[in-house]
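Summary of the model geometry
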Amino acid sequence: MTSETRISRRNLFKAAAAVAAALGVPAPAAAHGRGHSDKHREEPRDLVLVNGKIHTMDDRNSVVREVRISDGRFADVGRNVSEGNAKVVDLRGRTVVPGLIESHTHFVSLANRPGYHVAQWELATSVAEVQAALAARRRDVPAGQFITAMGAGTPRMFAELRLPFLVELDAAVPDRPVFVYQGGGGPARTNTLGKQFFESLVDFPVAVGADGSIVTAAGVNNANRALYHLRIRQSFEDKKRSALDAMAYSAQVGVTTNLDQTLVALATGTLDPASLDPQPTHALFNLNHYRMYDAWLALHAEGRAFVRLQMNFLHNQGFIAELGAEIEKQLPELRERLKNQFQFFGDDMLRTGAIGEWAAPFVASTSANQDGYRVWLEAQRLCAKARWRNENAQGGSAGIPPNTANIEQVVATYEMMDAEMVAAGFPDGIKSLRWGLQHSDFATPEQLARLKALNCAVSMSGFRWLNGVPRADNAPLGPLFPQIIASGIPAGLHEDGVHIAPHNPWFALHYASTGLNVLGQQINTGQQITRQQALHAYTRGNAWYLNREDDLGSIEEGKLADLVVLDKDYFTVSDAQMRAIRPIMTVVDGEIVHDTGALRGRRDWDHDHDHRHGGR
Ligand SMILES: [Zn+2]
């Protein structure tokens, strides 16, 4: 028996309340959403924030005290802002930054999680904190329903370097089944009620160990089987609830816009549509990539979606032998996509992107798989001909010198496509299409200059902190942040959540500015950038990556009103404190969508607000 299991239940729940508050696990019936009900029409529609340290991230890095928001946009920034006919929030000196933008995430997967999911577990630093987050969630979960925590979390994030055992999950939640699933493909753990459920299944039985472990055995990934059984029991209403919970978590950590990069889309959809439905072999990152947006789309239609989403389309069809050797017969899904989908279509809250994070699986030109390479190359060409935006995800690999051959292939191919398009009668080649390179860790100054000349951008990996370990020769694991920033190419920064890494952007900002991994070890020696540069990448850099730099990424008059009020001053607190930043208020489209209450009890509006809601 471990020390954790000896925590008494009374002490656990006392601790749970405090830790859950710190992790921000939602209270029952937490209010979220946009717009005003008719009943509240008389409330002022404008929002004024005063007495803050508002980092606008404009071209001069201006810091102002006040902003006024009107009709979802910044109407007045910084100078004698009128407080008339507005809700007024006294920031009491807090630091404010633009809403963060994530340029590479698989966030729609989080919005599809089965069970009452606890995204906040990725903020936990110990088994006890995971227990507390699960216990806090228990309050609004009906009998018989699963509490789940999936993806992102790995043992390296917890002080014990392991997931909770069955007895610990029972201690946290004795009266609801619990399912904890690590990363994109398991393993998983469950509690006693979960074990009883999984062991009762006849079709595709799930083996559960005495300690609650659900692992791969005899060639069967039992964690994925367990996931399957939860997925096939999800109703559409369940998916809408999960999507709202995912949005609430994004707002809680300050990410107001997400560029989703699909998942590892299954290659078989055009040949065997039924294979996209939940299967016992599907991992967490496999979903039906045509239907996975449905719940979010429904919420958006109802006016209930409250963080912004842009949807890129990943295509994972490589060479498919049964289609024949002719290249015209390959890539059926990408061809249909480019014919039948609009890119950058939608509104300010929800819109399509284009191709990302890849159009076809990358195959090196030197590979023995020449059919695979031909298909990858053809995918690049199809995007160029369709005048679509296109991305590839290549980081290169650490070594002395770093191996950048894959990046070189991407850059050279983009140059080739540019030349082909010029020859085909498009004078700007691919330059107006704004193609991208995801990860880009070891891109050389020369490669970056060539990409920049093609009007391309990069988005830098911010997730190496999770699984990176120091090299014996102390060489950096990347990204080589300073040389990417110095190149002047538009550069974003991403976590690439929600399977291989958390969604929380403050971990990536910490890594970019410190080089420290989750265990506090230096893994990116000499490759740090300033906090200002890192935040610029997570706001304006990522806005470019979404083709939205005119609307998002900074607090400037006329731009969409997304901002985050922080509990600590990002620019001055210690590195350890900066990593633990938690927004106390998040505004999207001029609406407060996350509010811990830390700023309550000031100004007329707060009084009226509390009064109207009867002390909710
Ligand atoms: Zn990704």
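Residues numbered from 1 in each chain as written. Predicted model: local features only at pLDDT ≥ 70, side-chain atom pairs only at ≥ 80, totals over all residues.

**Considerations on the overall build of the chain**
Formally: The way it works is that DSSP assigns letters per residue, a run of H or I at least four long becomes a helix, a run of E at least two long becomes a strand, and they are numbered from the N terminus. Note on method: radius of gyration uses C-alpha positions; expected globular size equals 2.2 Å times residues raised to 0.38. Contacts are defined on C-beta atoms placed from the backbone: any two residues whose C-beta positions lie within 7 Å are in contact.
On a plain count of helices and strands, the chain comes out with 18 helices and 25 strands. Computed over C-alpha atoms, the radius of gyration of the chain comes to 24 Å, within 12% of the 25 Å expected from 2.2 N^0.38 for 616 residues, which places it in the range of a compact globule. On the principal axes, the C-alpha backbone points of the chain span a range of 70 × 65 × 55 Å. The contacts in the chain between residues at least 6 apart in sequence include a share of 73% that link residues at least 24 apart.

**Considering the environment of Gln341**
Heads up, the condition is: Put plainly, a residue is buried at 20 or more neighbouring C-beta atoms within 10 Å of its own, exposed at 12 or fewer, and partly exposed in between, counting only other residues' C-beta atoms, which are placed from the backbone.
Examined against the element boundaries, Gln341 turns out to sit in the loop between helix H9 (332-340) and strand E18 (350-355). Given 15 C-beta atoms within a 10 Å radius, Gln341 is considered partly exposed. Each C-alpha atom, one on Gln341 and one on Ala354, is 9.0 Å from the other, the two residues being 13 residues apart in sequence.

**As for unusual backbone geometry**
Following Gly356, the chain continues into Glu357 via a peptide bond in cis, with omega recorded as 0 degrees. Its location among the elements puts Glu357 in the loop between E18 and helix H10 (370-385). The phi dihedral of Asn61 is positive, around 50 degrees, even though this residue is not glycine. Tracing the backbone shows Asn61 in the loop between strand E2 (53-55) and strand E3 (63-64). By the C-beta count within 10 Å, which is 12 here, Asn61 ends up exposed. In this structure, Asn85 is a non-glycine residue whose phi angle is positive, near 50 degrees. Inspection of the secondary structure puts Asn85 in the loop between strand E5 (73-77) and strand E6 (86-90). Asn85 gets classed as exposed once you count the C-beta atoms within 10 Å, which come to 10.

**As for the sheet that holds E6**
As a reminder, the rule being used: Whether two strands pair depends on DSSP finding at least two bridges between them. All axes are obtained by fitting lines to C-alpha atoms, using only the stretch in contact for helices, and the reported angles, taken between N-to-C directions, cover 0 to 180 degrees.
Taken in spatial order, the four strands make up an open sheet running E5-E4-E1-E6, and their pairing is mixed. The open sheet has two edge strands with one neighbour each: E5 and E6. For this sheet, the mean angle separating the axes of adjacent strands, direction not counted, is 20 degrees. Pairing between strand E4 (residues 67-70) and E5: four bridges, direction antiparallel. Considered in E5, the bridge of Val67 is made with Val77.

**Some points on the sheet that holds strand E21 (residues 457-461)**
Hydrogen bonds between backbone groups are what pair the strands of a sheet, and the pairing can be parallel or antiparallel. Pairing is parallel across the open sheet formed by four strands, whose spatial order is E19-E20-E21-E22. One side of each edge strand has no neighbouring strand; the edge strands of this open sheet are strand E19 (391-394) and strand E22 (491-494). Each neighbouring strand pair of the sheet contributes to a mean axis angle of 20 degrees, computed without reference to strand direction. In this sheet, strand E20 (residues 436-439) lies alongside E19 in parallel orientation, the contact comprising four bridges. By the bridge assignment, Glu391 is partnered in E20 with Gly436.

**Here's the deal with the environment of Ser554**
Here Ser554 is to be found in the loop between helix H16 (531-545) and strand E23 (563-566). For the pair formed by Ser554 and Arg351, sequence separation is 203 residues and the distance between their alpha carbons is 20 Å.

**Some thoughts on the packing of helix H15 (residues 505-514) against H16**
The condition that has to hold: Here is the rule for angles: anything less than 35 degrees is roughly parallel, anything more than 145 is roughly antiparallel, 65 through 115 is roughly perpendicular, and the remaining ranges are oblique. Left-handed describes a crossing whose near helix is turned anticlockwise from the far helix through less than a right angle; right-handed describes the clockwise counterpart. By the convention adopted, Pro, Cys, Tyr, Trp, Phe, Met, Ile, Leu, Val and Ala count as nonpolar, Lys, Arg, Asp and Glu as charged, and the other residues, Gly among them, as polar.
It is the contact of H15 with H16, at a shortest axis distance of 9 Å, that shows an interaxial angle of 135 degrees. Classified by the angle their axes make, H15 and H16 are oblique. Taken as a pair, H15 and H16 cross one another with a handedness that is right-handed. Each of Pro505, Leu509, Ala512 and Ser513 in H15 lies in contact with H16, whose residues at this interface are Arg531, Ala534, Leu535 and Tyr538. Residues belonging to the contact of H15 with H16 are distributed by class as follows: six nonpolar, one polar and one charged.

**Looking at the pairing of strand E10 (residues 147-150)**
One face of the sheet, then the other: side chains in a regular strand alternate in exactly this way. Spelled out, the test is: A crossover counts as right-handed when, viewed with the strands pointing away from the observer, the path leading from the first strand over the helix to the second turns clockwise.
The alternating pattern of E10 places Ile147 and Ala149 and Thr148 and Met150 on opposite faces, both of which are buried. Across two bridges, strand E9 (residues 116-117) lies against E10 in parallel orientation. Following the sheet pairing, Tyr116 is matched in E10 by Ile147. As a crossover connection, the stretch from E9 through helix H3 (residues 127-137) into E10 is right-handed. Summarising the sheet, E10 and strand E11 (residues 178-181) pair through four bridges and their orientation is parallel. Across the sheet, the residue bridging to Ile147 is Val178, located in E11. Handedness of the crossover joining E10 and E11 through helix H4 (residues 166-172): right-handed.

**Details of the nonpolar core**
Applied cut-off: For the purposes of this analysis, a nonpolar core is taken to be any set of buried Ala, Val, Leu, Ile, Met, Phe, Trp, Tyr and Cys residues that are connected through C-beta atoms within 7 Å.
Membership of the largest hydrophobic core comes to 178 residues, with the highest contact counts inside it found for Ala133 and Leu134. The residues touching Leu134, leaving out its near neighbours within four places in the chain, are Val118, Ile147, Ala149, Ala172, Val173 and Val178.

**Overview of the pairing of E22**
Burial of the side chains of E22 extends over both faces: Ala491 and Leu493 are buried on one face and Gly492 and His494 on the other. Here four bridges tie E21 to E22, and the two strands are oriented parallel to one another. Bridging from a neighbouring strand, Ser461 pairs with His494 of E22.

**Quick word on helix H5 (residues 192-199)**
The cut-off we apply is this: Summarising the geometry, the arc corresponds to the directions from the helix axis toward the C-beta atoms.
Turning to H5, its buried residues are Gly194, Lys195, Phe197 and Phe198. For H5, the arc enclosing every buried residue in end-on projection is 160 degrees, short of the 170-degree limit, so these residues lie on one face. Turned more than 90 degrees from where H5 packs its buried face, Gln196 and Glu199 sit exposed. Close packing links the buried residues of H5 with H4, E11, strand E12 (188-190) and helix H6 (222-231).

**Observations concerning the confidence of the model for the chain**
The following threshold applies: Each residue gets a pLDDT score, which is the predictor's confidence in that residue and runs from 0 to 100.
Per-residue confidence for the chain gives a mean pLDDT of 93, with 92% of residues at or over 70. Taken as a whole, residues 1-7 scores under 50 in pLDDT and shows ten contacts with residues more than four places along the chain or in a different chain. Below pLDDT 50 for its whole length, residues 606-616 participates in three contacts with residues either more than four positions away or in separate chains.

**Quick word on helix H11 (residues 405-423)**
Let me state the cut-off plainly: A helix's residues, less one, multiplied by 1.5 Å, set its expected span.
Its 19 residues place the ends of H11 27 Å apart at the C-alpha level, agreeing with the 27 Å of an ideal helix rising 1.5 Å per residue. Every buried residue belonging to H11 is among Asn406, Ile407, Gln409, Val410, Val411, Tyr414, Met417, Asp418 and Met421, and all of these are buried. At its buried positions, H11 is contacted by H10, E19, E20 and helix H12 (445-453). Phi turns positive one or two residues past the end of H11, at Gly425, with a value near 105 degrees.

**Overview of the packing of H11 against H12**
At a minimum axis distance of 10 Å, the contact between H11 and H12 shows a crossing angle of 30 degrees. Put simply, H11 runs roughly parallel to H12. The handedness of the crossing between H11 and H12 comes out as left-handed. In this structure, H11 contributes Ile407, Glu408, Val411 and Glu415 to the contact, and H12 contributes Gln447, Arg450 and Leu451. A breakdown of the residues in the contact of H11 with H12 according to their chemical character gives three nonpolar, one polar and three charged.

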